[in-house]
Amino acid sequence: MFVKNAWYVAGWSHEIGRTPLERWITGDPVVLYRTEGGRAVALEDRCAHRLAPLSMGKLVGDAIQCGYHGMTFDCDGNCVRLPGQAAIPKAAKVRKYPLVERFGWAWIWMGDPARADAAAIPNFFWLDHPEWKPVGGTIYCKSNYFLLIDNLLDLSHETFLHGSTIGNAAVAEAAVETEADDTAVRVRRRMPNCAPPPLFRKARNFAGNIDRSQVIDFSPPCYAVVDARAVPAGTNDIDNGIEWRVINALVPESEGTTHYFWAVSRHFALDNRELDEIMQKGVVHTFGEDIMMTEAQQKRMARPSADPKHVTIKADAAPIAARKIVSRLVQNEASAAA
Amino acid sequence: MFVKNAWYVAGWSHEIGRTPLERWITGDPVVLYRTEGGRAVALEDRCAHRLAPLSMGKLVGDAIQCGYHGMTFDCDGNCVRLPGQAAIPKAAKVRKYPLVERFGWAWIWMGDPARADAAAIPNFFWLDHPEWKPVGGTIYCKSNYFLLIDNLLDLSHETFLHGSTIGNAAVAEAAVETEADDTAVRVRRRMPNCAPPPLFRKARNFAGNIDRSQVIDFSPPCYAVVDARAVPAGTNDIDNGIEWRVINALVPESEGTTHYFWAVSRHFALDNRELDEIMQKGVVHTFGEDIMMTEAQQKRMARPSADPKHVTIKADAAPIAARKIVSRLVQNEASAAA
Amino acid sequence: MFVKNAWYVAGWSHEIGRTPLERWITGDPVVLYRTEGGRAVALEDRCAHRLAPLSMGKLVGDAIQCGYHGMTFDCDGNCVRLPGQAAIPKAAKVRKYPLVERFGWAWIWMGDPARADAAAIPNFFWLDHPEWKPVGGTIYCKSNYFLLIDNLLDLSHETFLHGSTIGNAAVAEAAVETEADDTAVRVRRRMPNCAPPPLFRKARNFAGNIDRSQVIDFSPPCYAVVDARAVPAGTNDIDNGIEWRVINALVPESEGTTHYFWAVSRHFALDNRELDEIMQKGVVHTFGEDIMMTEAQQKRMARPSADPKHVTIKADAAPIAARKIVSRLVQNEASAAA
């Protein structure tokens, strides 16, 4: 079960062009393409006639023609050509999804189009702001999206899973503060006077210890943004420190698979190309470790076995709060539908 | 659910020899082999003792010996040897299926043997008649067999899917006539004065436009024969035209997989070996496109998603009529069994 | 359904070291490792916190630290460290399994630890006795473990499946005697004055025929030991004959997969290295044929099809008796649990 009345990242703007792109989001098949005028379009990727994927067809002007029997749909999803037949039945249409491009991402609304308000798109300005420098990418993950949200809301795992990049002993032992309400969860962690982890040393040539902090913001249905900072210990010298945002969109493809769109945008050394590469490589390595772990959890959950109970610890406060928010949204939608 | 009281193509005669061949038909495992005298035999491919595939065993004279414990069955399916035991239990037998070789194909009857009448085998004489020249082959397809029958009964798809071989714009726009009764469906399509599609130009060096026509005959449970013709436009000059039959046996292996036995037999240029190759290559390419599409449909049907409705159009008249015939046969068999 | 209150082979002692080893037994995930002092340990391979495999973590002294959030368990399965939290909840533990090393194998008890009595481990002394010389290995098999027990309790299959190693015509036709009680099954087969099969000829250079015999002992839940002997026909000259034990542990990983731990230990020519290789190669080849067959049976059982009935023959007496013993044990455990 997924929240439907929500903005999901459907892809990077640069992925969408004049070649139709198939992407499944919250269990539904979507075809993405761009009109001749450059507007990005999202339709149901399933011909109204025989369920063939429209993404296997081709663009004819701004319309998309099914590659099987040629039924053609305009970018509102209405059939505009039905070869061999003049009268077009009313039912000959596919669903059109609201789609908005912002911050370099294309945002899709999977629920009731009447409720799609672009103002509700989260403000991820770091992705394309001139004072910020992002690197980013997409990872395909064979686990439920919420295992990845759990992962991001309990960063104590950095110590154990990411020792070669962003983990140090301080992360796991630091006390965390969790705040949650009906719409968001925030986790704070302060790690004063600790040794800088490897990727931090590569990014900034710290001579000694650092004061490190993290603020992680969850917003439904599937977003986690990490505000990460580090300064030379005992100073507030952010000009010689690190400040970056890790923007994570964990978009469910199906119950067991996720499109993980990510970016890390830094607020320093914007023109340092070498640092771009260091960051890209470091983050891809780090997230690869996360994926390996959530995929192992997913497999373990799928195999039948005796009674696998969890124990809940303090660090779970944020993941539990986030799950509660999303569950409530799903329930509300189910109630409204019934 | 499949029709059982019907003749299915089990394979090409040349596939059946002294090495046992495993083939699943309508969900049942069959082993095919040839006696020393040359008669083709079809038995249940599952030892009566421990369910081992008899096709993993070996022939001993006209009998087949299980490769596990040596239980041996004659070509009527009766156990004739049971190693280590003199008395053979009555239950020690496997099912024998009626099998008839005709037109180069081996035809199997999957239902009540008492009802197997070889006179009911469809008359596909084009496969081995001296005035016709066939090419042919077998394709394994991961889709339900009826998606392939749908495909053949609505050839408007040639325009969109087979542009590089047999498709031209005329096919999709031509009016079709559909006739159906309780036992057969026929579709006719006339395409006067149209440009010859690529494979037609290769087969006959048409100088200008052609008058093209198709008659497609469906007969249950899984056969579609296309009578395809083309002459120089405005003439009836079939001697300089094309006449061929496309014979399609869409034999269900399981609910989701199909053995597609096909032949295209032409009534001209019988001795042209080069044309054999052109036809073989062109048809394999064309049917490969069909398979790609029906497999995509099959996947789309298998994945859970919101409410995938079809819209029905005029071109669906024939596929719908064909499904009705087969559904009725399946229902009749179910009623008779109950 | 598996017997739980029983000793299963978890692996070879030499497999267990300071790198955690994942192994699933009777459907449950187990991690195996060795303490600094050299003791072998078996814990539930699923962190109490988030179900991550502990086998993806690392050893810290005698404890194992989860690779995700660092929860650490001692070799009794109790949590001894919970990063970021001083108080450790009572529920923070994983299951510890009784584990005993004997005969070069590590034996695990999957049921109630209070009932684990090492005296109940079967006496497979041939595996490490100075007067016996074993070869051995592990095979992974995609079939239910009982298909392999069936296989070993009806060796008539040697004739048909293993003609290139241990099969000769005599095996299948020999009369067998089966004895069974509530705890064990024994099958005897005498094959006087028969031709030696290929592997026997390689092992002992028999000039003429042999007197061959087999005694197969099944003991629950999953063990079959074959006492195989051969002497020059008409003699009792075991000093120039063959005597070996085939020790088979068919350990269920899941309902459809099995870890097959095996050894063949001979009582002659102990120092013949060349013979070690001949035996190893011959047995691996032979068991490969068995696996091929049980995997084919397993597939055949999994595919839907009409009414696959077995017929039961004399040779099935032992497999049926063995299944009865195990079924009763499973039922008893289910009754005790209810």
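Within each chain, residue numbers correspond to sequence positions counted from 1 in written order. To read the labels, note that chains go from A and ligands from 1, taken in the order they are written. In keeping with the predicted nature of the model, local features appear solely for residues at pLDDT of at least 70, side-chain atom pairs appear and are counted solely at 80 or more, and the whole-chain, interface and lining totals rest on all residues. Each side-chain value is worked out from all heavy atoms of the structure, with water and hydrogens disregarded.

Colleague: Break down the overall build of chain A for me, citing the residues and quoting the values.
Modeller: A tally of helices and strands in chain A yields 6 helices and 18 strands. All radius of gyration figures rest on C-alpha atoms, and the globule criterion is 2.2 Å times the number of residues raised to 0.38. Taken over the C-alpha trace, chain A has a radius of gyration of 22 Å; the compact-globule value for 338 residues is 20 Å, and the two agree within 12%. For chain A, the C-alpha atoms occupy an extent of roughly 75 × 50 × 35 Å along the three principal directions. Exposure classes here rest on a 1.4 Å probe applied to the protein chains alone. A residue is buried below 20% of its type maximum, exposed above 50%, and partly exposed in between. Within the span of chain A, comprising 338 residues, buried residues form 57% of the whole. Contact criterion: two residues are considered in contact whenever any of their non-hydrogen atoms come within 4.5 Å of each other. Long-range pairs, those at least 24 residues apart, make up 57% of the contacts in chain A between residues at least 6 apart in sequence. What sets the accessible areas is the Shrake-Rupley method with a 1.4 Å probe; for residues, cover comes only from the shown protein chains. Only carbon and sulfur atoms are counted for the fraction: they give 51% of the accessible area of chain A, which is about 13900 Å². Numbered from the N terminus, helices here are DSSP runs of H or I no shorter than four residues, and strands are runs of E no shorter than two.

Colleague: For helix 6 (residues 317-337) of chain C, give the residues involved together with the corresponding values.
Modeller: All names here are of chain C. Relative to the 30 Å expected for 21 residues at 1.5 Å per residue, helix 6 spans 30 Å between its end C-alpha atoms, a close match to the ideal helical length. Every buried residue of helix 6 is listed here: Ala-318, Pro-319, Ala-321, Ala-322, Ile-325, Val-326, Val-330 and Glu-333. Check the buried side of helix 6 and you find it contacts helix 1 (145-153), strand 13 (176-180), strand 14 (185-194) and strand 15 (210-219). Any helix carries an expected span of 1.5 Å times its number of residues minus one.

Colleague: Would you mind going over the packing of helix 1 of chain C against helix 6 of chain C in detail, with residue names and values included?
Modeller: Residue and element names in this part refer to chain C. Lines fitted to the C-alpha atoms define the axes, with helices restricted to the stretch that makes contact. Angles between their N-to-C directions range from 0 to 180 degrees. Where helix 1 contacts helix 6, the axes come no closer than 8 Å and their chain directions differ by 140°. Accordingly, the angle class assigned to the pair helix 1 and helix 6 is oblique. The crossing of helix 1 and helix 6 is right-handed. Residues Tyr-145, Phe-146, Leu-147, Ile-149, Asp-150 and Leu-153 of helix 1 lie in contact with helix 6, whose contacting residues are Ala-318, Pro-319, Ala-322, Arg-323 and Val-326. Gly is placed with the polar residues, together with every amino acid not listed as nonpolar (Ala, Val, Leu, Ile, Met, Phe, Trp, Tyr, Cys and Pro) or charged (Asp, Glu, Lys and Arg). In the contact of helix 1 with helix 6, the residues fall into 9 nonpolar, no polar and 2 charged. Working definition: roughly parallel below 35 degrees, roughly antiparallel above 145 degrees, roughly perpendicular at 65 to 115 degrees, and oblique for all remaining angles. Helix crossings fall into two classes, left-handed where the near helix is turned counterclockwise from the far one by less than a right angle and right-handed where it is turned clockwise.

Colleague: Any chance you could break down the interface of chain A and chain B for me, citing the residues and the numbers?
Modeller: Counting residues at the interface gives 30 residues for chain A and 30 residues for chain B. Summed over both partners, the accessible area (1.4 Å probe) lost when two parts come together is defined as the buried area. Summing both sides of the interface, chain A and chain B together bury roughly 2800 Å²; the carbon and sulfur share of this comes to 56%. Broken down residue by residue, the surface that chain A buries against chain B is led by A:Arg50, A:Leu51 and A:Tyr68, which jointly contribute 29%. Counted as salt bridges are all cases of a side-chain nitrogen of Lys or Arg within 4 Å of a carboxyl oxygen of Asp or Glu. On inspection of chain A and its partner chain B, the count reaches 5 salt bridges.

Colleague: Give a detailed account of the confidence of the model for chain A, specifying residues and quantitative values.
Modeller: Summary statistics for chain A give a mean pLDDT of 95 and a share of 98% for residues scoring 70 or more. Reported confidence for the predicted complex is 0.91 by ipTM and 0.91 by pTM. Along the chain, pLDDT gives the predictor's confidence residue by residue, from 0 to 100.

Colleague: A description of the pairing of strand 1 (residues 7-12) of chain C should follow, citing residues and the corresponding values.
Modeller: All names here are of chain C. Strand 1 sits mainly inside the fold: 6 of its 6 residues count as buried. Inspection of the sheet shows strand 1 paired to strand 11 (residues 105-109) by 5 bridges, in the antiparallel sense. Bridge pairing links Gly-11 to Ala-106 in strand 11. Strands pair, by our definition, only if DSSP identifies at least two bridges between them.

Colleague: So what's going on with the relation of the copies chain B and chain C? Which residues, and what values?
Modeller: Our superposition of the copies is a least-squares fit, built on the C-alpha atoms of residues whose pLDDT is at least 70 in both. Relative to chain C, chain B is turned by 120° and slid 0.0 Å along the rotation axis, the superposed coordinates differing by an RMSD of 0.1 Å. Expressed as an axis order, the relation between the two copies is that of a three-fold axis. Measuring from the rotation axis to each C-alpha of chain B, the shortest distance belongs to B:Ala302, at 11 Å.

Colleague: Now, about the interface of chain B and chain C: what can you tell me, with residues and values included?
Modeller: Across the boundary between the two partners, chain B contributes 30 residues, which contact 30 residues of chain C. When the two sides are added together, the surface that chain B and chain C hide from each other amounts to roughly 2700 Å², 56% of it contributed by carbon and sulfur. Here chain B is connected to chain C by 5 salt bridges. Note that C:Arg300 is salt-bridged to B:Glu22, the shortest N-O span being 2.5 Å.

Colleague: So, the pairing of strand 11 (residues 105-109) of chain A: which residues are in play, and what are the values?
Modeller: Residues and elements named next belong to chain A. Among the 5 residues in strand 11, 5 count as buried, and that is most of the element. Neither face of strand 11 is open: one carries Trp-105, Trp-107 and Trp-109, the other Ala-106 and Ile-108, and all of them are buried. Joining the antiparallel neighbours strand 10 (residues 99-102) and strand 11 is a turn of 2 residues, in which Phe-103 adopts a positive phi near 60°.

Colleague: Kindly report on the environment of B:Leu32, identifying the contributing residues and their values.
Modeller: All names here are of chain B. Within the fold, Leu-32 resides in strand 3 (residues 28-34). Judged by its relative accessible area of 0%, Leu-32 is buried. Beyond its immediate sequence surroundings of up to four residues, Leu-32 is in contact with Ala-10, Ile-16, Thr-19, Pro-20, Leu-21, Arg-23, Val-41, Ala-42 and Leu-99.

Colleague: Could you give an account of the environment of C:Pro53, with specific residues and numbers?
Modeller: You can see C:Pro53 is positioned in the loop between strand 4 (40-44) and strand 5 (58-60). The exposure class of C:Pro53 is buried, given its relative accessible area of 2%. Expressed as a C-alpha distance, the spacing of C:Pro53 and C:Phe2, which sit 51 residues apart in the sequence, is 23 Å. Not counting chain neighbours up to four residues away, the residues in contact with C:Pro53 comprise A:Met293, A:Ala296, A:Arg300 and C:Asp45.

Colleague: Tell me about the packing of aromatic side chains, residues and numbers included.
Modeller: Residue and element names in this part refer to chain A. Planes of paired rings set the category: under 30 degrees apart is stacked, over 60 is edge-to-face and the rest tilted, where pairs are Phe, Tyr or Trp rings (Trp by its six-membered ring) whose centres lie within 6.5 Å. Under the criterion given, the structure shown has 51 aromatic pairs over all chains. Pairing Tyr-260 with Phe-287 gives two aromatic rings, centres 5.1 Å apart and planes at 20°, and the pair type is stacked. Taken together, the residues span a long stretch of sequence, with Tyr-260 in strand 18 (residues 257-266) and Phe-287 in helix 5 (residues 273-302) at a distance of 27 residues. Here Tyr-260 falls in the buried class, since its relative accessible area comes to 2%. In textbook terms, an aromatic cluster arises when at least three aromatic residues are bridged by ring pairs, as seen for Trp-12, Trp-105, Trp-107, Phe-124, Phe-125, Trp-126, Trp-132, Tyr-223 and Phe-261.

Colleague: Give me the sheet that holds strand 1 of chain C: which residues, what numbers.
Modeller: Backbone hydrogen bonds hold the strands of a sheet together, and the pairing may be parallel or antiparallel. Residues and elements named next belong to chain C. Sheet architecture is open: 3 strands sit in the order 1-11-10, paired in antiparallel fashion. Looking at which strands have only one partner, the edges of the open sheet turn out to be strand 1 and strand 10 (99-102). Shown here is a sheet whose adjacent strand axes are inclined to one another by a mean of 30°, direction ignored. Note that strand 10 and strand 11 share 4 bridges and pair antiparallel. Across the sheet, Arg-102 pairs through a bridge with Trp-105, a residue of strand 11.

Colleague: A description of the pattern of salt bridges should follow, citing residues and the corresponding values.
Modeller: Residues and elements named next belong to chain B. The full count for this structure, using the stated rule, is 69 salt bridges over all chains. Across the pair Asp-28 and Lys-4 runs a salt bridge, and its minimum N-O distance is 2.8 Å. Remark: Lys-4 occurs in the segment before strand 1 (7-12) and Asp-28 occurs in strand 3; sequence separation between them is 24 residues. The buried category is assigned to Asp-28, whose relative accessible area is 5%.

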